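Close look at the chain arrangement
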Amino acid sequence: MHARTLSRRDVLRAAAAATVAGSLAACGKNDDEGADANGVVTLDLWHGQVDTGKAAIDSLITAFNSSHPKIKVVGGGGGVTADSMLQKVTAGLAAGSYPDIAYIFGSDLASLTKSPKVADLTGALKIDDYWPAAKDAVSVKGKVRAAPALLDSLCVVYNKKLFAAAGIPAPKDGWTWDDFVATSKQLTNPAKGIFGTGWPGVGDEDTVWRIWPMIWDLGGDVVSGDGKKVGFDSVGAQALQTLDRLRTDKSLYVDPKPGSEQLYQVFLGGRMGMVATGPWQLPELKDNGLDYGVVPLPSYSGKPLTISGPDTWTVFDNGKAKVKAATEFVAWLAEPAQDIQWDMKGGSLPITKATAELPQWKKHSAETNGLDVFVKALDTAKVRPTITTYPQISQHMGEAIAAVLLGKQSPADALKQAVDQCNQVLAVPS
């Protein structure tokens, strides 16, 4: 599955978005039909997967090719990992040489759809079978522009040993951000180098996506209903104040490097009590022998609310036959019989509720501590808006969060700057 930390999105997006806007109308492969003399359609899939994710998708490709003799999927991967896929696809579109299907991060989809070469899959997929978060993530301006590839949710994983050592009861459903702050302070032990919790501090998307559930719970949003201004101007300060309290309590480990690897290594090393993360972390926790528990994110209201960051299989127009065949393949991947294999081997949550009801998934969930909490969280999961301006909004919000985490700006000043910058972005028609 993709090398999930979600911080990979920011570095390339600004340049890539500009290229998408300016040159992605370049024509691609011009074969209107796309089938060879024997009627076989060959599809070029850039999946960007490594390790277990690559093994999982390769196995599925083999099974599909065996059962669909008129379609041949070639999973070359595009020569890049998922983290670099947007740049690779953008360059390919500009040059007129691009795949039939690519693994695209959900927050990059809207920008990519500026290209007329991104296929419109409206009406071609059983989208109502998907979890709401997956459905929302592949919809841009009311149209289905991709198929869901990966589904996750954000919850809190905690170290049971550190809680016991501090004499603190385990967190439970319905806990609040005040509870989280107080618990983090109790867990912190400077003499032993133990932090209560951590947060990515470089201002990338991994820094940002964690704050949106806080904003939503407070009644705000990423953008306003009309899309002309931000939707967090009146509530963002409270969310940032929560982070500032963690900072001033000295209970917060701020990861200074992109990728959040240090953050998770501190947790895996037994020196952090709690961390917000996704189901992709569970295999590593198990391999490290960490005695852990999983609970939903805290909230201000006491009601459950989280974020999901689905990734997508995006189909590109290389002729009608190829689009049809590619659509058949991505729809096949989402069927429970295939979805279950991808989820268990690649690290995704089930794309559909039907998959979650399969005996194989229930057995897998029962054998994986905390996995059921991540699945249940999908009932209240929201996604970031599929708008072309999201990368710029994320950049400015990330700078504000980092400034607060590092004590460089007050929550109020950091928010005001972010709101002003984001509103300038949103004022430009997209």
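Only a predicted model underlies this, so the values are computations on that prediction, with no experimental measurement involved. (Residues numbered from 1 in each chain as written. Predicted model: local features only at pLDDT ≥ 70, side-chain atom pairs only at ≥ 80, totals over all residues. Heavy atoms only, no water.)

On to the overall build of the chain, then. Of the regular secondary structure elements, the chain holds 19 helices and 16 strands. Computed over its C-alpha atoms, the radius of gyration of the chain comes to 22 Å, within 12% of the 22 Å expected for a compact globule of 430 residues. Along the first, second and third principal axes, the C-alpha atoms of the chain reach 70 × 50 × 35 Å. Relative to its 430 residues, the chain shows a buried fraction of 58%. Within the chain, contacts between residues at least 6 apart in sequence are counted, and of these 76% link residues at least 24 apart. Computed over 43 positive and 46 negative side-chain charges, the separation of the two mean positions in the chain equals 1 Å. (Helix = DSSP H or I, 4+ residues; strand = E, 2+ residues; numbered from the N terminus. Rg over C-alpha atoms; globule rule 2.2 N^0.38 Å. Buried < 20%, exposed > 50% of the residue type's maximum accessible area, 1.4 Å probe, protein only. Contact = heavy atoms within 4.5 Å. Lys, Arg positive; Asp, Glu negative; His and termini not counted. Charge placed at Lys NZ, Arg CZ, Asp CG, Glu CD.)

Turning to helix 19 (residues 411–426), a few remarks are in order. Taking 1.5 Å of rise per residue, the 16 residues of helix 19 would be expected to cover 22 Å, and the 22 Å separating its terminal C-alpha atoms lies within 8% of that figure. Every buried residue belonging to helix 19 is among Pro411, Ala414, Leu415, Ala418, Val419, Cys422, Val425 and Leu426, and all of these are buried. For helix 19, the angular spread of the buried residues around the axis is 130°, confining them to a single face. Seen from the buried face of helix 19, the exposed residues on the opposite side, beyond 90 degrees, are Lys416 and Gln424. Each element contacted by the buried residues of helix 19 is listed here: strand 9 (221–223), strand 10 (230–231), helix 10 (236–248) and helix 18 (390–405). (Expected span 1.5 Å × (residues − 1). Arc of directions from axis to C-beta.)

In this section: the sheet that holds strand 15 (residues 311–315). Strand pairing in a sheet relies on backbone hydrogen bonds. The paired strands run either parallel or antiparallel. Here we have 5 strands laid out as an open sheet, ordered 2-1-3-15-6, and mixed in their pairing. What marks the edges here is a single partner per strand, and that holds for strand 2 (71–74) and strand 6 (147–150). Each strand of the sheet is rotated relative to its neighbour by a mean of 30°, with strand direction disregarded. With 2 bridges connecting them, strand 1 (residues 41–46) and strand 3 (residues 101–105) associate as parallel partners. What sits directly across from Trp46, in strand 3, is Ala102. Strand contacts of helix 2 (residues 51–67): strand 1, strand 2 and strand 15, with the helix running at about 165° to strand 2, the strand carrying the most contacts. Sitting on the sheet, helix 13 (residues 320–334) is in contact with strand 1, strand 2, strand 3, strand 6 and strand 15, with an inclination near 60° to strand 1. (Pairing = 2+ DSSP bridges. Axes fitted to C-alpha atoms, helices over the stretch in contact; angles between N-to-C directions.)

What follows covers the sheet that holds strand 7 (residues 155–159). Ordered in space as 12-7-13, the 3 strands form an open sheet in which the pairing is antiparallel. Lying at the two open borders of the sheet, with one neighbouring strand each, are strand 12 (274–277) and strand 13 (292–296). Neighbour-to-neighbour, the strand axes of this sheet turn through a mean angle of 30°, independent of strand direction. Sheet topology note: the strand 7/strand 12 ladder contains 4 bridges and is antiparallel. Across the sheet, the residue bridging to Val157 is Val275, located in strand 12. Seen against the sheet, helix 11 (residues 261–268) touches strand 7 and strand 12 and runs at an angle of roughly 135° to strand 12.

Among the 5 residues of strand 13, 5 are classified as buried, and the element is accordingly described as predominantly covered. Across the two faces of strand 13 the burial is the same, with Tyr292, Val294 and Pro296 and Gly293 and Val295 all buried.

What follows covers unusual backbone geometry. Negative phi values dominate among residues other than glycine, just as trans dominates among peptide bonds. Backbone geometry places Lys141, a non-glycine residue, at a positive phi of 55°. Its identity as a non-glycine residue notwithstanding, Lys250 has a phi of 60°, on the positive side. Here Lys250 is to be found in the loop between helix 10 and strand 11 (252–255). Exposure remark for Lys250: the relative accessible area of 67% places this residue in the exposed category.

Our focus in this paragraph is the packing of helix 10 against helix 19. Axes are the key here: two packed helices are described by the angle between their axes and the distance separating the axes. Contact geometry of helix 10 with helix 19 gives a least axis separation of 9 Å together with a crossing angle of 135°. The orientation of helix 10 relative to helix 19 falls into the category oblique. The two elements helix 10 and helix 19 meet at a crossing, and its hand is right-handed. On helix 19, the residues touching Gly236, Ala237, Leu240, Gln241 and Asp244 of helix 10 are Pro411, Ala414 and Leu415. For the contact of helix 10 with helix 19, the per-class residue count stands at 5 nonpolar, 2 polar and 1 charged. (Parallel < 35°, antiparallel > 145°, perpendicular 65-115°, else oblique. Left-handed = near helix turned anticlockwise from the far one by under 90°. Nonpolar A, V, L, I, M, F, W, Y, C, P; charged D, E, K, R; others polar.)

Next up on the list: the confidence of the model for the chain. Averaged over all residues, the pLDDT of the chain is 91; the fraction at 70 or higher stands at 92%. Low pLDDT (under 50) marks residues 1–32, which in the prediction has 103 contacts with non-local residues, meaning those over four places away or in another chain. (pLDDT = per-residue confidence, 0-100.)

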